[in-house]
Amino acid sequence: MSDVGERASARAYTVWLVALAAYVVAVFDRASLGVAAVDAQERFSAGASEISLFLVLQLAVYAALQVPVGVALDRFGSRRMILAGAVTMAAGQFVLALATDVPTAVVARVLVGAGDAMTFISVLRVIGMWFAGGAVPLITQLTGIFGQLGSIVAAYPLVALLHGTSWSTTFLGAAATGVLVGVLVLVALRDTPPDRRLPEAAGGAEMRRRLADSWREPGTRIGLYTHLVTQFSGTVFALLWGYPFLVVGEDRSPGTAAGLLTLLVVVGMCVGPVLGRLCARWPLRRSVLVFSILGATASVWTVLLLWPGRAPIPLLVVLVVVLGTNGPGSMIGFDYARTWNPVERQGSASGVVNVGGFVASLLTILAVGAVLDLLTPGHTTDYSLGAFRAAFSVQYVFWAVGLVGVIRHRRQLRERLARDGVVLAPLLVAVGARLRGGSAYR
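These numbers were taken from a predicted model, which means no experiment stands behind them. (Residues numbered from 1 in each chain as written. Predicted model: local features only at pLDDT ≥ 70, side-chain atom pairs only at ≥ 80, totals over all residues. Heavy atoms only, no water.)

1. Quick look at helix α2 (residues 37-44)
Regarding α2, the residues found buried are Ala37, Ala40, Gln41 and Phe44. Looking down the long axis of α2, one finds its buried residues gathered within 100° of arc, a one-sided arrangement. Within two residues after α2, Ser45 carries a phi angle of roughly 50°, on the positive side. (Buried < 20%, exposed > 50% of the residue type's maximum accessible area, 1.4 Å probe, protein only. Helix = DSSP H or I, 4+ residues; strand = E, 2+ residues; numbered from the N terminus. Arc of directions from axis to C-beta.)

Right, dumping it as structure tokens:
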């Protein structure tokens, strides 16, 4: 398969849709606790810190497994990893359906986090193997976008089922969905096209060397910080604290909150293809997109946090519209990893990148819960608007860390290009075409 100019086959799209279905279920499982946070507090008699601990541990497992999963992905392939992820998440939802205490619920969410960790970067590898390099940025964005359908399913059908039946019935249904997608993966997903051969599986020493090379690569590191600085704010809002903030802090109706969270997803669906096209066309201007998303996100949060009293609906709409760009923006990090690493390091490099946003997300979620409990006496969930605003202020720390990381490694990459005799003026002509075709190492 050539890297440039070749139209993907119908089978490539079929394989991608199967992998995408697995990712949609993973996002659904990931988001299912967030929309059920209030019900979870009542079921487990837990405060904000304990509920946030569920999600923090889930994300901690997700982040901690990214590098090991990336190494395993390079060794065992996407099909096995996606199947293992689907089964593990189904087991987690089954345990959560039966849980009646905090420790059991924690175990359930750890299982969900472990299965989730195996899914997304495995899907990215499927895309890289089945599509020409020029199409990869767009297909990657579409994967992230359509994957968020899982959030919509969690926000509407899952909540309706939860309120219409019971906790156990709802999460047993989620577990059954995971089993079904696992069967689909087993039957229909293949790692590579028939005419493409992968490098032979390396031994332990070689895999460690490749991982070290991935980490030393500035292109991987700018991907990590890009993922960190663009992803965490939208993730924290959509995954756990956005719904309580809107309903309890801003005193909006559950329907309004669900509508705003849905708008966040819809905006991501619209923005993602645009970012994918821009990355493919001007790969050496990707950092401009990153800085734009970061600036918009920090700015709208600053206005909201300083607003006297409840924020008006138009301001909340602007907030979720801007947060809707965060997910697509974080995908740029994987594009950096792809274009600066050879094919045999794609899994480990993507794993390193994926650590960034989720580490920042879990630390922010934990910090928000801790601040809310600190400013709210007892185990009540009646948090004040002021408490929410103080809690969300912790985001500035992670924006600063991510910004410094992106600037530093952007400078290193530009210095490398200068050493290679490429000046900035003709970058898009001299180097951009090569990057649009896939890995810069191909």
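Moving on from the model shown.
2. Observations concerning the pattern of salt bridges
Evaluated as defined, the whole model comprises seven salt bridges. Asp116 serves as the salt-bridge partner of Arg30, at 2.6 Å between the closest nitrogen and oxygen. Taken together, the residues Arg30 in helix α1 (residues 10-35) and Asp116 in helix α5 (residues 102-117) connect sequence positions 86 residues apart. Classification of Arg30 by relative accessible area gives buried; the value is 9%. With a shortest N-O distance of 2.6 Å, Arg209 and Asp213 are connected by a salt bridge. Residue Arg209 and its partner Asp213 are located together in helix α10 (residues 204-216), separated by four residues, close to a single helical turn. (Salt bridge = Lys/Arg side-chain N within 4 Å of Asp/Glu carboxyl O.)

3. Details of empty space enclosed by the protein
Enumeration over the complete set of coordinates arrives at six cavities of 30 Å³ or more. Estimated volume of the largest cavity: approximately 540 Å³. Around the largest cavity, the lining comprises 35 residues; the ones closest to its centre are Gln148, Ser151, Thr235, Ala238 and Gly327. Secondary structure elements with two or more residues in the lining of the largest cavity: α1, α7 (136-147), α8 (149-164), α11 (218-249), α12 (254-281), α15 (326-340) and α16 (346-375). Class assignment of the residues belonging to the lining of the largest cavity gives a composition of 19 nonpolar, 15 polar and one charged. (1 Å grid on protein atoms, 1.4 Å probe; cavity = no way out; pocket = protein on both sides within 12 Å on 5 of 7 lines; lining within 4 Å. Points joined across faces, edges and corners; volume = space filled by probe spheres on them. Nonpolar A, V, L, I, M, F, W, Y, C, P; charged D, E, K, R; others polar.)

4. Let's talk about the packing of aromatic side chains
Within the structure shown, the criterion is met by 18 aromatic pairs. Here Tyr396 and Trp399 contribute two aromatic rings whose centre-to-centre distance is 5.1 Å and whose plane-to-plane angle is 85°, an arrangement assigned as edge-to-face. One end of the pair, Tyr396, and the other, Trp399, are both in helix α18 (residues 395-419), three residues apart, so they sit about a helical turn from each other. Residue classification places Tyr396 among the partly exposed positions, given a relative accessible area of 34%. Among the aromatic residues, those joined into a ring-pair cluster are Phe237, Phe245, Trp301, Tyr383, Phe388 and Phe392. Looking at Arg281, its charged tip hangs above the ring of Trp282, at a distance of 5.2 Å from the centre. (Phe/Tyr/Trp six-rings, centres within 6.5 Å; stacked < 30°, edge-to-face > 60°. Lys NZ or Arg CZ within 6 Å of the ring centre and 35° of its normal.)

5. Concerning the environment of Phe232
Looking at the element boundaries, Phe232 is found in helix α11. Judged by relative accessible area, which is 0%, Phe232 ranks as buried. Along the backbone, Phe232 and Leu211 are 21 residues apart, and their C-alpha atoms lie at a distance of 25 Å. Contact partners of Phe232, with chain neighbours within four places excluded, come to Gly357, Ala360, Ser361, Thr364, Gln395, Phe398 and Trp399. (Contact = heavy atoms within 4.5 Å.)

6. Digging into the nonpolar core
Core analysis: the biggest nonpolar cluster contains 130 residues, and Phe44, Phe237, Trp241, Phe245, Trp301 and Phe392 have the highest contact counts within it. Contacts of Phe237, omitting those with residues within four sequence positions, involve Gly242, Tyr243, Phe245, Leu246, Leu261, Leu264, Trp301, Leu319, Val320 and Leu323. (Core = buried A, V, L, I, M, F, W, Y, C linked by side-chain atoms within 4.5 Å.)

7. Let's talk about α18
Taking 1.5 Å per residue as the helical rise, α18 with its 25 residues ought to reach 36 Å, and the 37 Å between its terminal C-alpha atoms agrees with that figure. Looking at α18, one finds that the buried residues are Gln395, Phe398, Trp399, Gly402, Gly405, Val406, His409, Leu413, Arg416 and Leu417. (Expected span 1.5 Å × (residues − 1).)

8. Concerning the state of the cysteines
Taken as a whole and judged by the stated rule, the model has zero disulfides. Looking at the unpaired Cys270, the closest cysteine sulfur is the one in Cys279, lying at 17 Å. Residue Cys270 is classed as exposed on the basis of its relative accessible area of 53%. (Disulfide = S-S within 2.5 Å.)

9. Notes on the packing of α1 against helix α4 (residues 78-98)
Where α1 meets α4, the closest approach of the two axes is 11 Å, and the angle between their N-to-C directions is 30°. If you check the angle between α1 and α4, you find them roughly parallel. Remark: the crossing between α1 and α4 carries left-handed chirality. Residues Ala19, Ala22, Ala26, Asp29 and Ser32 of α1 touch α4, and the partners they reach there are Ile82, Met89 and Gln93. (Axes fitted to C-alpha atoms, helices over the stretch in contact; angles between N-to-C directions. Parallel < 35°, antiparallel > 145°, perpendicular 65-115°, else oblique. Left-handed = near helix turned anticlockwise from the far one by under 90°.)

The values reported here are purely geometric and, on their own, carry no functional implication.
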